[in-house]
Amino acid sequence: MPESYHKPMVWMSYGSFEQHPTRKKEQSDEQYQNRLTMAKERRMAENCDEMSLRLQQSGQLRLVKNRKYEEEDHGSVIAVVLNGAIFYIIDHPRCS
C-alpha cells in the first residue's frame, strides 16, 4: 500500500450565505448591515478556500475536500455537511 494512503484526509465546507448572507424577514436595515459587515470581516468562504489550497500544496495530506453549499448558512449547512462527510469517509477508508 502506498505511503500516501496512511496520510490523513481533511473535509472542509461552508455555506454560501456565510459570507454573503441574505436578509431575514425580521431584520431592520441596521441589523442587516451589521450582519453584512460581520460576514465580510470573517471572510468564511475566502478563508476556507485559501486554507484548502494551502493544505493541498503542503503534501502532508492524502486528500483535501473543500465544498461550498449554495444557499446554506453556518447553521443550516450542518446536516448536509455531516451527511456528506460520512459518505466521504466511507468512500475513502483509512488503512487500519
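Our subject is the structure that appears above.
Residues numbered from 1 in each chain as written. Predicted model: local features only at pLDDT ≥ 70, side-chain atom pairs only at ≥ 80, totals over all residues. Heavy atoms only, no water.

Draft legend 1. View of the environment of Glu 72. Relative to the helices and strands, Glu 72 is located in the loop between strand S2 (63-69) and helix H3 (77-91). The contacts of Glu 72, once residues within four sequence positions are left out, are Gly 15, Ser 16, Phe 17, Glu 18 and Val 77. (Helix = DSSP H or I, 4+ residues; strand = E, 2+ residues; numbered from the N terminus. Contact = heavy atoms within 4.5 Å.)

Draft legend 2. Summary view of the environment of Arg 23. Structurally, Arg 23 is set in the loop between strand S1 (9-15) and helix H1 (29-42). Overall, Arg 23 belongs to the partly exposed group, its relative accessible area being 40%. Residues Arg 23 and Leu 36, spaced 13 residues apart in sequence, show a C-alpha to C-alpha distance of 9.0 Å. In terms of polar contacts, Arg 23 uses its side chain to reach the backbone carbonyl oxygen of Gln 27, at 2.9 Å. Reaching out from Arg 23, the side chain makes a polar contact with the side chain of Asp 29 at a distance of 2.7 Å. (Buried < 20%, exposed > 50% of the residue type's maximum accessible area, 1.4 Å probe, protein only. Polar contact = N/O pair within 3.5 Å; in protein donor to acceptor, adjacent residues only side chain to side chain.)

Draft legend 3. How the structure looks around a nonpolar patch on the surface. Nonpolar side chains collect at one region of the surface, where Ile 86, Phe 87 and Ile 90 lie side by side and expose about 320 Å² of accessible area between them. For Phe 87, the location among the structural elements is in helix H3. Taking relative accessible area as the criterion, Phe 87 reaches 48% and is therefore assigned partly exposed. (Patch = residues over 30% accessible without salt bridge, like charges linked within 9 Å, V, L, I, M, F, W, Y side chains within 5 Å. Areas by Shrake-Rupley, 256 points an atom, 1.4 Å probe, with all protein chains shown as cover. Salt bridge = Lys/Arg side-chain N within 4 Å of Asp/Glu carboxyl O.)

Draft legend 4. Quick look at the side chain of Ser 52. Note on placement: Ser 52 falls in helix H2 (residues 44-58). A residue is classified by how much of its surface remains accessible, and Ser 52, at 3% relative accessible area, is buried. Apart from residues lying up to four places away in sequence, Ser 52 is in contact with Met 12, Val 64 and Asn 66.

Draft legend 5. Representation of the pattern of salt bridges. Summed over the entire model, instances satisfying the criterion amount to 4 salt bridges. For Glu 46, the salt bridge goes to Arg 43, with nearest N and O atoms at 2.6 Å. Overall, Arg 43 belongs to the partly exposed group, its relative accessible area being 27%. Between Lys 68 and Glu 70 there is a salt bridge; the shortest N-O distance is 3.2 Å. Put simply, Arg 43, Glu 46 and Glu 50 are held in one network by salt bridges that share partners.

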